[in-house]
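# Architecture at a glance
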Amino acid sequence: DTSYGLHRANSQLFLPWPDHTGFFMLVHMAPDTTNVSGYIHSARIYFTVIDQALDAGLAGVVSKNNVILVEPLLTGGLSAVRHANGRDWWILTHGIDSNEFVSFILTPYGFDGPFYQSIGTVQIGSAPCASFSPSGDRLAYTGYQTGLDVYDFDRCTGILSNWQHADIGDGSFTRSVQFCANGSLVYVSSVTWVYQYPIVTGVLGVSETIATYDGFYDEFPILQTFFSNMGLAPDGRIYISTGNGTRYMHVVHEPDNPGVACNLVQHDHYRQTYTFNSIPYRPNYLLGPIDGTVCDSLGITVEVHDADLRTSLSVRPNPSNGEFMLHYKGFSEAGRLSIRDENGRLLLDDYLPPWSTVHNVQLSNAPAGMYHCRLRWGARSTSIRIIVRP
């Protein structure tokens with residue numbers, strides 16, 4: 001039933017159409033049929049073209065519900081990652097009752113494919129979840145009946161390899177999966193539990209339970225705040241929706257840290273609006289080419305100059321009461337943030353996660369005055385002055 005929209009999580013994604021400035025592709029699927037086992041799944045996969053310039057810049061649909069492929073597919077588990085050429089996009093989905101991945105390449109000329117590869121667990125049921133690591137070299141895939149699969153991924157050829165599997169026998173009816181920013185840890189949410197799996201030299205390690213549902217309810221409506229869909233946000237944190245229509249999200253504040261040091265705080269993020277199961281799928285839009293490979297043939301570069309750093313850095317609001325947000329250009333490596341007062345005394349030394357582009361700062365106890373804010377990634381750095389008022 002599609003009368004309520006595309007309501008199955010992890011079954012839609014937005015991608016910029018290569019070489020078409022201001023145009024985006026919505027790749028989507030719907031739970032529109034049932035197989036012989038009674039599982040709801042998709043009979044086709046679609047794309048819709050969106051022009052950002054239409055409707056006075058609010059965007060509009062140019063072409064809707066174009067069919068890419070007619071084939072029995074799991075509803076959900078859609079994932080995307082930048083091609084090694086730095087321009088195109090790999091898009092992956094999965095067949096039902098099989099171990100067959102189906103992939104496409106979004107190019108300036110449309111969609112190439114489908115391409116097929118049989119590897120990993122036979123996927124049954126519905127509503128799987130998939131996630132690429134931010135660097136694009138690994139794919140994690142989970143379903144509520146099939147545990148966790150992790151693969152290496154070749155962004156040049158689109159080939160999956162080095163299949164690693166972990167059983168999850170907790171009986172949960174839905175799961176979500178997400179890599180941390182540096183790609184060394186995989187998180188799986190499973191209704192009343194959150195697990196963390198380390199990856200060491202390409203091998204999936206033993207899981208650790210880092211959170212168990214604490215029994216908290218939203219006060220209105222009175223619904224439980226379970227663990228549902230996860231997303232790695234631009235601030236480097238992982239946010240987890242609750243699986244019910246509540247105003248809360250759970251937050252993994254330091255997801256690059258192993259074990260409970262990742263600092264998962266339940267119902268830590270309060271919203272004015274209600275959020276159901278889904279957090280929008282967000283591929284790493286900042287990922288560039290793999291330099292020196294056979295696929296790196298377009299001359300695309302992501303080299304960053306000091307001038308680019310300076311122009312990308314902004315503070316909102318400025319002046320502030322000591323609480324503000326930094327916006328900056330993201331990098332594949334972690335960075336550091338330091339804030340000093342006018343006398344050079346260090347007030348804050350903080351971690352900037354890989355690929356992050358925003359960072360919240362709280363200097364609420366700092367006296368009024370001007371402060372020097374410096375961000376650095378290795379030898380690259382940029383700075384800005386901020387003003388705190390009473």
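In the block above lies the structure referred to throughout.
This one's a predicted model, so the numbers in the text were calculated from it and none came from an experiment.

## Topic: the overall build of the protein
When helices and strands are counted, the protein shows one helix and 29 strands. Against the compact-globule benchmark of 21 Å for 390 residues, the protein has a radius of gyration of 22 Å, which places it among compact chains. Taken over 390 residues, the protein has a buried fraction of 52%. Summing over all exposed atoms, the protein offers an accessible surface of approximately 17,500 Å²; the carbon and sulfur share of this is 53%. For the protein, the centre of its 23 positive side-chain charges and the centre of its 35 negative side-chain charges are spaced 9 Å apart.

## Concerning the pattern of salt bridges
Inspection of every chain in the model, using the stated rule, returns 11 salt bridges. The partner of Asp170 in a salt bridge is Arg175, and the shortest N-O contact between them spans 2.7 Å. Through salt bridges with shared partners, one network takes in Asp19, Arg87 and Asp88.

## A short note on the side chain of Ser131
In this fold, Ser131 is placed in strand β10 (residues 129–132). In terms of polar contacts, Ser131 uses its side chain to reach the side chain of Gln178, at 3.5 Å. With residues near it in sequence (within four places) discarded, Ser131 still touches Arg138, Leu139, Ala140, Val177, Gln178 and Phe179.

## A short note on the packing of aromatic side chains
Per the stated rule, a full pass over the model turns up 13 aromatic pairs. Look at Phe331 and Trp377: their rings are 4.7 Å apart centre to centre, the planes differ by 45 degrees, and that puts the pair in the tilted class. One end of the pair, Phe331, is in the loop between β24 (323–327) and β25 (335–340); the other, Trp377, is in strand β28 (residues 369–377), with 46 residues separating them in the sequence. Taken as a pair, Phe331 and Trp377 share a single burial class, namely buried. An aromatic cluster is present here, built from Trp90, Phe115, Phe132 and Phe153 joined pairwise through their rings.

## Quick word on the pairing of strand β8 (residues 98–107)
In terms of burial, β8 is largely enclosed, as eight of its 10 residues are buried. Two strands pair when backbone bridges link them, and strand β7 (residues 89–94) and β8 are joined in this way by six bridges, in the antiparallel orientation. Opposite Ile91, over in β8, you have Phe104 as the bridge partner. In this structure, the hairpin formed by β7 and β8 is closed by a connection of three residues, where Asp97 is found at a positive phi of approximately 55 degrees. Here β8 folds back onto strand β9 (residues 110–123), and the loop between the two strands holds two residues.

## As for the environment of Pro31
Mapped onto the secondary structure, Pro31 falls in the loop between β2 (23–28) and β3 (33–34). Residues Pro31 and Arg8 lie 23 residues apart in sequence; the distance between their C-alpha atoms is 7.1 Å.

## Side note on the state of the cysteines
A full pass over the atoms with the stated rule returns one disulfide. Cys156 shares a disulfide with Cys295; S-S distance 1.8 Å. Disulfide Cys156 to Cys295: torsion about the S-S bond roughly 75 degrees, handedness right-handed. One end of the pair, Cys156, is in the loop between β12 (147–153) and β13 (160–166); the other, Cys295, is in the loop between β22 (264–275) and α1 (306–312), and 139 residues separate them in sequence. Exposure class is identical for Cys156 and Cys295. Each is buried. Residue Cys262 stays outside any disulfide, its sulfur separated by 9.8 Å from that of Cys180, the closest cysteine. Look at Cys262 and you get buried, because its relative accessible area is 0%.

## Some remarks on the pairing of strand β4 (residues 40–51)
Here β4 lies mainly inside the structure; 10 of its 12 residues are buried. Note that β2 and β4 share six bridges and pair antiparallel. The residue of β4 that forms the bridge with Val27 is Phe47. As paired elements, β3 and β4 share two bridges and run antiparallel to each other. Looking at the pairing, Thr33 lines up with His41 of β4.

## Structural notes on the environment of Cys156
Here Cys156 falls in the buried class, since its relative accessible area comes to 17%. Note: C-alpha distance between Cys156 and Gly86 (70 residues apart in sequence) is 10.0 Å. Setting aside its immediate chain neighbours within four residues, Cys156 contacts His83, Ala84, Trp90, Val294 and Cys295.

## Topic: unusual backbone geometry
Excluding glycine, a negative phi dihedral is what most residues carry, and trans is how most peptide bonds are arranged. In this chain, Arg316 is followed by Pro317 through a cis amide linkage whose omega measures -10 degrees. Within the element layout of this structure, Pro317 appears in the loop between β23 (314–316) and β24. Of note, the amide linkage connecting Asn318 to Pro319 takes the cis form, showing an omega dihedral of 5 degrees. Position of Pro319 relative to the elements: it lies in the loop between β23 and β24. At Thr201, a residue that is not glycine, the phi angle is positive and equals roughly 45 degrees. Position of Thr201 among the secondary structure elements: in the loop between β16 (193–200) and β17 (203–204).

## Describing the sheet that holds strand β26 (residues 346–352)
The strand order across the open sheet built from four strands is β26-β25-β28-β29, with neighbouring strands paired in antiparallel fashion. Edge strands, defined here as strands with exactly one partner in the open sheet, are β26 and β29 (380–388). In this sheet, neighbouring strand axes are inclined to one another by 15 degrees on average, regardless of whether the strands run parallel or antiparallel.

About the criteria used
- Residues numbered from 1 in each chain as written.
- Predicted model: local features only at pLDDT ≥ 70, side-chain atom pairs only at ≥ 80, totals over all residues.
- Heavy atoms only, no water.
- Helix = DSSP H or I, 4+ residues; strand = E, 2+ residues; numbered from the N terminus.
- Rg over C-alpha atoms; globule rule 2.2 N^0.38 Å.
- Buried < 20%, exposed > 50% of the residue type's maximum accessible area, 1.4 Å probe, protein only.
- Areas by Shrake-Rupley, 256 points an atom, 1.4 Å probe, with all protein chains shown as cover.
- Lys, Arg positive; Asp, Glu negative; His and termini not counted.
- Charge placed at Lys NZ, Arg CZ, Asp CG, Glu CD.
- Salt bridge = Lys/Arg side-chain N within 4 Å of Asp/Glu carboxyl O.
- Polar contact = N/O pair within 3.5 Å; in protein donor to acceptor, adjacent residues only side chain to side chain.
- Contact = heavy atoms within 4.5 Å.
- Phe/Tyr/Trp six-rings, centres within 6.5 Å; stacked < 30°, edge-to-face > 60°.
- Pairing = 2+ DSSP bridges.
- Disulfide = S-S within 2.5 Å.
- Axes fitted to C-alpha atoms, helices over the stretch in contact; angles between N-to-C directions.

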